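Residues per chain are reported as follows:
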Amino acid sequence: MRIIDLRSDTVTRPTPAMRKAMAEAEVGDDVYGEDPTVNRLEALAAEMLGFETALFMPSGTMTNQVALMLHLKRGQEVIAPEGAHIYEYEPGSLAVLAGGTIRLVKAPYGIPDPEAVRAAIHTSVHQAPTGLIALENTHNTAGGTVVPIAVQRAIQRVAEEAGLPTHLDGARFFNAVVALQTTPVELAKGFRTVSICLSKGLGAPVGSLLLMPKEYRAEAWRYRKLLGGGMRQAGVLAAAGILALTEGPGHLARDHQMARALAEGLLRLCLEVDLQAVQTNMVYVQIPQAPAFVQRLRGLGVLANAMGPSRVRFVTHRDLHDEDIPLALKRIEQALQVA
Ligand SMILES: Cc1ncc(COP(=O)(O)O)c(CN[C@H](C(=O)O)[C@H](C)O)c1O
């Protein structure tokens, strides 16, 4: 039975072209800055997003956390949208590594109100001083939803008026670029730092990049080393990362179409799906006893994640076959009947 893996776009495996590039990659010791393929990847990412430099790291958690360490002094607070990954799924790293706290602001569909962000900025001596404003685009737990550029700009203005830096968790940055039909430079503009993942929808096996001004690089490099993220002949991974950046974005529109088709199919099964939130490659659906449902579904050959007691997430990605969505819907219907 073919297993249809809809748990996440992190499950994407390297393409044959990536494996060939990995095998042939020119490498050196990246801790000495001598891996030519890593250097090429970092220069390519910086050029694509309009930043002065980029640093290659093993995960998006690390690129986010190094950014938080760069921006926050101990005891400072980061303002972020409710449901932010840096709060929900980066196991308390903010407190452990940056020594910071977090203040979540309401963000329907992952979109905070700029005035709510302004109101959340701490100025009183009795409060943890705000040190950073972070956004997430696309926003994972809101449904893979997109934050409009106008809202990003408005929040960047709020930050600027308060003398605060901004960070973008762009784990699915290119999904937002495709959904907004904009350019990477336009979407990244105005942020002090941007984290992007190569290992999700873009298809690389490993890796993320932190985009930043060049004056941050030395400190970011040190934090990466401190966290054990200094890699040696990482060109083997960076070679796949280069293809992820050059060829990956072209596949994302299909992922988004498949998610839409899945969402419409789930609605036909009378399941509760907010179609307005299905904007990229994710579909969240309300299903009672979600963990038990996901287990039943696994037995029928479809993998998904329960993201709460009654919430299931399905994520589409480039490794899926065209027939996988109709087949998955048939199996989901069976899993519902068994309940
Ligand atoms: C918005 C965002 N920012 C950062 C990360 C962290 O990336 P990695 O540390 O997994 O490379 C993720 C991973 N998200 C993973 C997934 O969606 O399956 C899990 C939840 O951690 C993310 O969704």
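Residues numbered from 1 in each chain as written. Predicted model: local features only at pLDDT ≥ 70, side-chain atom pairs only at ≥ 80, totals over all residues. Heavy atoms only, no water.

A. Molecular detail of the site of the ligand. Of all residues adjacent to the ligand, which total 14 residues, the nearest are Ser 8, Thr 61, Asp 169, Arg 172 and Arg 313. Between the ligand and Ser 8 there is a distance of 2.8 Å, counted from an oxygen atom to a side-chain nitrogen or oxygen. Within the complex, 83% of the 500 Å² of free accessible area of the ligand lies under protein. With three residues, helix α3 (residues 60-71) is the single largest residue contributor to the shell around the ligand. (Near = heavy atom within 4 Å. Polar contact = N/O pair within 3.5 Å; in protein donor to acceptor, adjacent residues only side chain to side chain. Areas by Shrake-Rupley, 256 points an atom, 1.4 Å probe, with all protein chains shown as cover. Helix = DSSP H or I, 4+ residues; strand = E, 2+ residues; numbered from the N terminus.)

B. Local environment of the UniProt feature "domain: Aromatic amino acid beta-eliminating lyase/threonine aldolase" (unreviewed entry) in the protein chain. Under the present numbering, the feature "domain: Aromatic amino acid beta-eliminating lyase/threonine aldolase" (unreviewed entry) in UniProt falls on residues 5-286. Along residues 5-286, the helical share is 42% and the strand share 16%, with 19 Å between the first and last C-alpha atoms. (UniProt positions renumbered as here; feature names shortened; annotations may be inferred.)

C. Quick peek at the pattern of salt bridges. A full pass over the atoms with the stated rule returns 15 salt bridges. Here Lys 189 makes a salt bridge to Glu 186, at a shortest N to O gap of 2.7 Å. The structure contains a network of salt bridges with shared partners spanning Glu 115, Arg 118 and Glu 161. (Salt bridge = Lys/Arg side-chain N within 4 Å of Asp/Glu carboxyl O.)

D. Focus on the domain arrangement of the protein chain. According to the domain assignment, the protein chain consists of domain 1 (4-11 + 251-338) and domain 2 (16-249). Look at where the C-alpha atoms of domain 1 and domain 2 centre, and you get two points 27 Å apart. Counting residues at the interface gives 19 residues for domain 1 and 24 residues for domain 2. Summed over both sides, the interface between domain 1 and domain 2 buries roughly 1700 Å², with carbon and sulfur atoms accounting for 48% of that surface. Summed over the shared surface of domain 1 and domain 2, the result is one salt bridge. The shortest N-O distance in the salt bridge between Asp 9 and Arg 172 comes to 2.8 Å. (Domains from an automatic or database assignment. Contact = heavy atoms within 4.5 Å. Buried area = accessible area lost by both parts, 1.4 Å probe.)

E. Geometry of the sheet that holds strand β6 (residues 166-170). Ordered by their spatial adjacency, seven strands build an open sheet running β2-β8-β7-β6-β5-β3-β4, and the pairing between neighbours is mixed. Two strands lie at the open edges of the sheet, namely β2 (53-57) and β4 (101-105), each paired on one side alone. Averaged over neighbouring strand pairs, the angle between their axes works out to 20° when direction is ignored. Two strands pair when backbone bridges link them, and strand β3 (residues 77-81) and β4 are joined in this way by five bridges, in the parallel orientation. (Pairing = 2+ DSSP bridges. Axes fitted to C-alpha atoms, helices over the stretch in contact; angles between N-to-C directions.)

F. Up close: the pairing of β3. Along β3, five of the five residues are buried, which leaves the element largely enclosed by surrounding structure. Across three bridges, the pairing between β3 and strand β5 (residues 130-136) is parallel. Bridge assignment links Glu 77 to a residue of β5, and that residue is Thr 130. (Buried < 20%, exposed > 50% of the residue type's maximum accessible area, 1.4 Å probe, protein only.)

G. Focus on the side chain of His 71. With respect to the helices and strands, His 71 occurs in helix α3. At 2.8 Å, the side chain of His 71 forms a polar contact with the side chain of Thr 193. Contacts of His 71, omitting those with residues within four sequence positions, involve Gln 76, Gly 131, Leu 132, Pro 165, Thr 166, His 167, Arg 192, Thr 193 and Tyr 216.

H. Layout of the nonpolar core. Counting residues in each nonpolar core, the largest one holds 50 residues, and the members touching the most others are Leu 49, Phe 173, Val 194, Leu 209, Leu 211 and Leu 245. Ranked by size, the runner-up nonpolar core spans 27 residues in total, among them Met 258, Val 278, Ala 290 and Val 302. (Core = buried A, V, L, I, M, F, W, Y, C linked by side-chain atoms within 4.5 Å.)

I. Broad picture of the sheet that holds strand β13 (residues 311-315). If you trace the four strands from one edge of the open sheet to the other, you get β9-β10-β13-β12, paired in antiparallel fashion. Among the strands making up the open sheet, the edge pair consists of β9 (272-273) and β12 (305-306). Of the pairings in the sheet, the one linking β12 to β13 comprises two bridges and is antiparallel in character. Its bridge partner being in β13, Asn 305 is matched across the sheet by Arg 313. On the sheet, helix α12 (residues 252-268) packs against β9, β10 (282-286) and β13 and is oriented at approximately 15° with respect to β10. Along the sheet, helix α13 (residues 290-299) contacts β12 and β13; its crossing angle with β13, the most-contacted strand, is approximately 40°.

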